[in-house]
Amino acid sequence: MTATKGLEGIVATTSSVSSIIDGILTYRGYDIDDLAENASFEEVIYLLWYGKLPKAAELTRIRDELSAAAAIPEQVVDLIRLFPKNANSMAALRSATSALALYDGEADDMTKEANLRKAVRLQAQIPTIIAAFSRIRDGKEPIAPKAGATIAENFLYMLSGEEPSDVAVKALDKALVLHADHELNASTFAGRVTVATLSDIYSGVTSAIGALKGPLHGGANEAVMAMLEEIGTLENIDPYVNRKLENKEKLMGFGHRVYKNGDPRAKHLQKMSLELGSQTGDLKWYEMSIRIENLVTGLKGLKPNVDFYSASVYTTLKIPRDLFTPIFAISRCSGWTAHILEQYENNRLIRPRAEYVGPSTQKYVPVERR
Ligand code: SDX
């Protein structure tokens, strides 16, 4: 038995949720470029869960269901009030999402219908948790979800307490479409491994949030912004990037396990970064990002991934840096739950082997003689 480090190239399951073939990403067979230009996040949620784009009445139904389920239990709000004000936002999201299960009477109902209802609640309530956490730590009261609003609109409204602009809602909605699913990425795999023991959907999504948190995965968007802020000005870029590469350190937002010729989502986020920056008259982060991309791609051949330009997009939308990865979770919840439902449909325990490299033929020695 020989281990494959990082399971690179291992095909661990069949799936009909999304695919990456020859660098082209599709959700249920629809090219991401097509969806990014045309679909709303709610349409994509429906597509991922049900395998087809919704008809008008179906879209109205899913929007109504999500909107009606957006409030979180008062006990979970009280729990968030107990979190330290400086808590890591992904740790807060992970803990509060796990707690949702305690107040869901259907938490351990494993029927398909109940799991779909729980997927709706998770998708609707994760944005509410994040907005409540953000306001409570700032010493403000959480804001109740607005009936009838889309997920993007409602999240921005619950965060600031103000009606968001159409431009901001459209930008966030597109970012949510772009992040919704991505084949067997680490957090989706974590979620599938968890539910393959026939554990519940809340356990699966909680595992996935834990995996998304890391800077090699979803946490990279926050790390990109930290890097941009650390660099500070255009003039500082070249020495910073050269130093990082010389020291063999990772440049956040670059590289990908699957894409070697570029992440198809990055160009959409780059365009959004330019458009939003032009509208607000602040192109600093966009221009810095372009310079970094040219340098890193030129020197190392590494291309930006989904996390690179999302950092400047969210910053231009005035979203606090440590909410970038939670926003990734809002979007990816749709993919996680679609994969979890698919796993339940055709389940087998996921239990690979390890190549043992520890000592052998050891003999037990009593404690007083060690
Ligand atoms: C996401 O998997 C998914 O689908 C994830 C995702 C999704 O939608 O779910 O697309 C979202 O997680 C995007 C990735 C976000 N992470 C980062 O931006 C962190 C920085 N990137 C890397 O650490 C790295 O590229 C990974 C983690 C994304 C991929 O890691 P791999 O496949 O294990 O590659 P590796 O670390 O073994 O790197 C291979 C080579 C190495 O050089 P050599 O030793 O062969 O000379 O490429 C170099 C690496 O040093 N390299 C980098 C680099 N990424 C790879 N060098 C500098 N900076 C980088 N970012």
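Parameters and conventions
- Residues numbered from 1 in each chain as written.
- Predicted model: local features only at pLDDT ≥ 70, side-chain atom pairs only at ≥ 80, totals over all residues.
- Heavy atoms only, no water.
- Helix = DSSP H or I, 4+ residues; strand = E, 2+ residues; numbered from the N terminus.
- Polar contact = N/O pair within 3.5 Å; in protein donor to acceptor, adjacent residues only side chain to side chain.
- Phe/Tyr/Trp six-rings, centres within 6.5 Å; stacked < 30°, edge-to-face > 60°.
- Buried < 20%, exposed > 50% of the residue type's maximum accessible area, 1.4 Å probe, protein only.
- Lys NZ or Arg CZ within 6 Å of the ring centre and 35° of its normal.
- Core = buried A, V, L, I, M, F, W, Y, C linked by side-chain atoms within 4.5 Å.
- Domains from an automatic or database assignment.
- Contact = heavy atoms within 4.5 Å.
- Expected span 1.5 Å × (residues − 1).
- Buried area = accessible area lost by both parts, 1.4 Å probe.
- Salt bridge = Lys/Arg side-chain N within 4 Å of Asp/Glu carboxyl O.
- Near = heavy atom within 4 Å.
- Areas by Shrake-Rupley, 256 points an atom, 1.4 Å probe, with all protein chains shown as cover.
- Nonpolar A, V, L, I, M, F, W, Y, C, P; charged D, E, K, R; others polar.

Here Ser 18 lies in strand S1 (residues 18-21). Engagement of the side chain of Ser 18 in a polar contact is seen with the side chain of Asp 181, the distance being 2.7 Å. In this structure the side chain of Ser 18 is engaged in a polar contact, spanning 2.8 Å, whose partner is the backbone nitrogen of Glu 183.

Going through the model one piece at a time under the given rule, you end up with 4 aromatic pairs. Taking the centre distance of 4.9 Å and the plane angle of 85 degrees together, the rings of Phe 308 and Tyr 309 count as edge-to-face. We classify Phe 308 as buried; its relative accessible area is 0%. Ring pairing ties together the aromatic residues Phe 254, Phe 308 and Tyr 309, which thus form one cluster. Across from the ring centre of Tyr 157, 5.4 Å away, lies the NZ or CZ of Lys 146, which sits over that ring. Lying over the aromatic face of Trp 285, Lys 284 brings its terminal NZ or CZ to 4.6 Å of the ring centre.

Counting residues in hydrophobic clusters, the biggest one holds 109 residues, and the most contacted among them are Tyr 27, Trp 49, Ile 80, Val 241 and Ile 292. When residues in this core are grouped by element, the largest group, 12 residues, is from helix H6 (residues 112-137). Both domains that furnish three or more residues to this core are identified here as domain 1 (30-215 + 323-345) and domain 2 (220-316).

Another point: the environment of Phe 328. Residue placement: Phe 328 occurs in helix H16 (residues 324-345). The class for Phe 328 is buried, based on a relative accessible area of 3%. For the pair Phe 328 and Pro 54, spaced 274 residues apart in sequence, the C-alpha separation works out to 23 Å. Discounting residues that sit within four places of it in the chain, Phe 328 has contacts with His 179, Leu 212, Gly 218, Asn 221 and Asp 307.

Let us now look at helix H8 (residues 166-179). For H8, built from 14 residues, the straight-helix expectation of 20 Å at 1.5 Å per residue is met to within 8% by its first-to-last C-alpha distance of 20 Å. Turning to H8, its buried residues number three or more, namely Ala 168, Val 169, Ala 171, Leu 172, Asp 173, Ala 175, Leu 176, Val 177, Leu 178 and His 179.

This next bit is on the domain arrangement of the protein chain. On domain assignment, one finds that the protein chain holds domain 1 (30-215 + 323-345) and domain 2 (220-316). Domain 1 and domain 2 are separated by 26 Å when their C-alpha centres are compared. Interface area for domain 1 against domain 2, summed over the two sides, is near 1800 Å², with a carbon-plus-sulfur share of 62%. Interface area lost by domain 1 to domain 2 is led by Leu 178, His 182 and Phe 324, which between them contribute 36%. Applying the counting rule to domain 1 against domain 2 returns 1 salt bridge. A salt bridge links Asp 33 to Lys 267; its shortest N-O distance comes to 3.0 Å. In this assembly, domain 1 and domain 2 are joined by 6 residue pairs in polar contact (both at pLDDT 80 or more). Within the residue set of the side of domain 1 that touches domain 2, elements represented by two or more residues are helix H1 (32-38), H8 and H16. At 7 residues, the largest contribution of residues to the side of domain 1 that touches domain 2 is made by H8.

Further remarks concern the side chain of Lys 244. Locating Lys 244 in the fold gives a position in helix H12 (residues 237-246). Look at Lys 244 and you get buried, because its relative accessible area is 17%.

Take the site of the ligand next. The full set close to the ligand counts 23 residues, and His 182, Leu 251, His 256, Arg 257 and Arg 265 are the nearest of them. Lys 250 places a side-chain nitrogen or oxygen 3.5 Å from an oxygen atom of the ligand. Between the ligand and Gly 253, the relevant distance is 2.8 Å, taken from an oxygen atom to a main-chain nitrogen or oxygen of the residue. About the coverage of the ligand: the protein hides 70% of its 1100 Å² of free accessible area. Mapped onto the shell around the ligand, the elements with two or more residues apiece are helix H15 (306-316) and H16. Residues belonging to the shell around the ligand are distributed by class as follows: 9 nonpolar, 7 polar and 7 charged. Counting contributing residues per domain, the shell around the ligand is built from domain 1 (30-215 + 323-345) and domain 2 (220-316), each supplying no fewer than three.

Structurally, the position occupied by Lys 146 is in the loop between H6 and helix H7 (151-160). For the pair Lys 146 and Thr 111, spaced 35 residues apart in sequence, the C-alpha to C-alpha distance is 30 Å. Discounting residues that sit within four places of it in the chain, Lys 146 has contacts with Ser 67, Glu 153, Asn 154, Tyr 157 and Glu 163. Among the polar contacts listed, one links the side chain of Lys 146 to the side chain of Glu 153, at a separation of 3.0 Å. A distance of 2.7 Å separates a polar atom in the side chain of Lys 146 from a polar atom in the side chain of Glu 163.

Here Arg 28, not a glycine, exhibits a phi torsion of approximately 50 degrees, which is positive. If you trace the backbone, Arg 28 turns up in the loop between strand S2 (24-27) and strand S3 (30-31). Positioned with a positive phi, Thr 361 is a non-glycine residue whose angle comes to about 45 degrees. Examined against the element boundaries, Thr 361 turns out to sit in the segment after H16. According to the relative accessible area criterion, Thr 361 is exposed, its value standing at 79%.

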